[in-house]
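Each chain, written out:
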Amino acid sequence: EIDAAVGQIAQASRDVGDAHNTVFFFLSDNGANPEHGGSNQPLRGSKGFLFDGGVRVPAFIYAPGFFTTTNTHYAGLVHAVDIFSTIALGIAGCTSISA
């Protein structure tokens, strides 16, 4: 269901001509919860635990107007709090952020 919904949103941004100016971030804040049918296999642990299954989650960025390479895989660590900085300083071209 989420794949179809994401596809519809991406298509809508293309239909109105905004795909070149749109950035989609998809991520989770923790691992799946097995009590609600989730699975983190083959990783050990789940939501609420510090094992890989509780902290490693898939994520991706879709931004056709901002990247010249496609199908890039990054195996390093990223934390969700890094995303605002990435947008403001990287994509938007800001040189600093002030409160």
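In this text, all values refer to a predicted model and were calculated from it rather than measured experimentally.

Thresholds applied
- Position numbers for residues count from 1 along each chain, tracking the sequence in the order it is written.
- Reporting in this predicted model follows two pLDDT cut-offs: at least 70 for local features of residues, and 80 or more for side-chain atom pairs to be given and counted; totals over whole chains, interfaces and linings ignore these cut-offs and use all residues.
- Excluded from the side-chain calculation are hydrogens and water; included are all heavy atoms of the structure.
- Classification of ring pairs uses Phe, Tyr and Trp, with its six-membered ring standing for Trp, and accepts pairs whose centres are within 6.5 Å; under 30 degrees between planes counts as stacked, over 60 as edge-to-face, and the remaining range as tilted.
- Partly exposed describes any residue whose relative accessible area lies between the buried limit of under 20% and the exposed limit of over 50%, with all areas from a 1.4 Å probe on protein chains only and scaled to the type maximum.
- Patch members must show over 30% relative accessible area and no salt bridge, and they are joined within 9 Å when carrying like charges or within 5 Å when they are nonpolar side chains of Val, Leu, Ile, Met, Phe, Trp or Tyr.
- With residues, only the protein chains shown are counted as cover, and all accessible areas are computed by Shrake-Rupley using a 1.4 Å probe.
- Only one rule defines a salt bridge in this text: a Lys or Arg side-chain nitrogen within 4 Å of an Asp or Glu carboxyl oxygen.
- Note on conventions: DSSP H or I runs of at least 4 residues are helices, E runs of at least 2 residues are strands, and numbering of each starts at the N terminus.
- In protein, a polar contact requires one atom able to donate a hydrogen and another able to accept it; more generally it is a pair of N or O atoms within 3.5 Å, and residues adjacent in sequence count only if both atoms are side-chain atoms.
- The pLDDT score gives, residue by residue, the confidence of the prediction method on a 0 to 100 scale.
- To estimate how far a helix should extend, the number of its residues minus one is multiplied by 1.5 Å.

### Topic: the packing of aromatic side chains
Item 1. For the structure on display, the rule yields three aromatic pairs.
Item 2. Taking the centre distance of 6.1 Å and the plane angle of 25° together, the rings of F24 and F26 count as stacked.
Item 3. The class of F24 is buried, set by a relative accessible area of 15%.
Item 4. Residue class for F26 comes out partly exposed when judged on its relative accessible area of 22%.
Item 5. Here a set of aromatic residues connected by ring pairs shows up, and it is made of F24, F26, F60 and Y62.

### Describing a nonpolar patch on the surface
Item 1. Residues I61, F66 and F67 make up a contiguous nonpolar surface patch of about 260 Å² in total accessible area.
Item 2. Tracing the chain through its elements places I61 in strand β2 (residues 60-62).
Item 3. Given the relative accessible area of 42%, I61 is considered partly exposed.

### Topic: the side chain of N40
Item 1. Secondary-structure assignment places N40 in the loop between β1 (24-26) and α2 (52-55).
Item 2. Residue class for N40 comes out buried when judged on its relative accessible area of 14%.
Item 3. A polar side-chain atom of N40 sits 2.9 Å from the main-chain amide nitrogen of A32.
Item 4. Only 3.1 Å separates the side chain of N40 from the backbone oxygen of G53, close enough to count as a polar contact.

### Things to note about the confidence of the model for the protein chain
Item 1. Put simply, the protein chain has an average pLDDT of 81, and 90% of its residues get 70 or more.
Item 2. For the protein chain, per-element mean pLDDT is lowest for helix α3 (residues 82-91), which scores 70, and highest for helix α1 (residues 2-15), which scores 89.

### Thoughts on the pattern of salt bridges
Item 1. By the definition in use, this model includes one salt bridge.
Item 2. R56 is the partner of D52 in a salt bridge, and the nearest nitrogen-oxygen pair spans 3.4 Å.

### Quick word on α1
Item 1. Given a rise of 1.5 Å per residue, 14 residues ought to cover 20 Å, and the 20 Å separating the end C-alpha atoms of α1 matches this to within 8%.
Item 2. G17 sits one or two positions beyond α1 and adopts a positive phi of about 80°.

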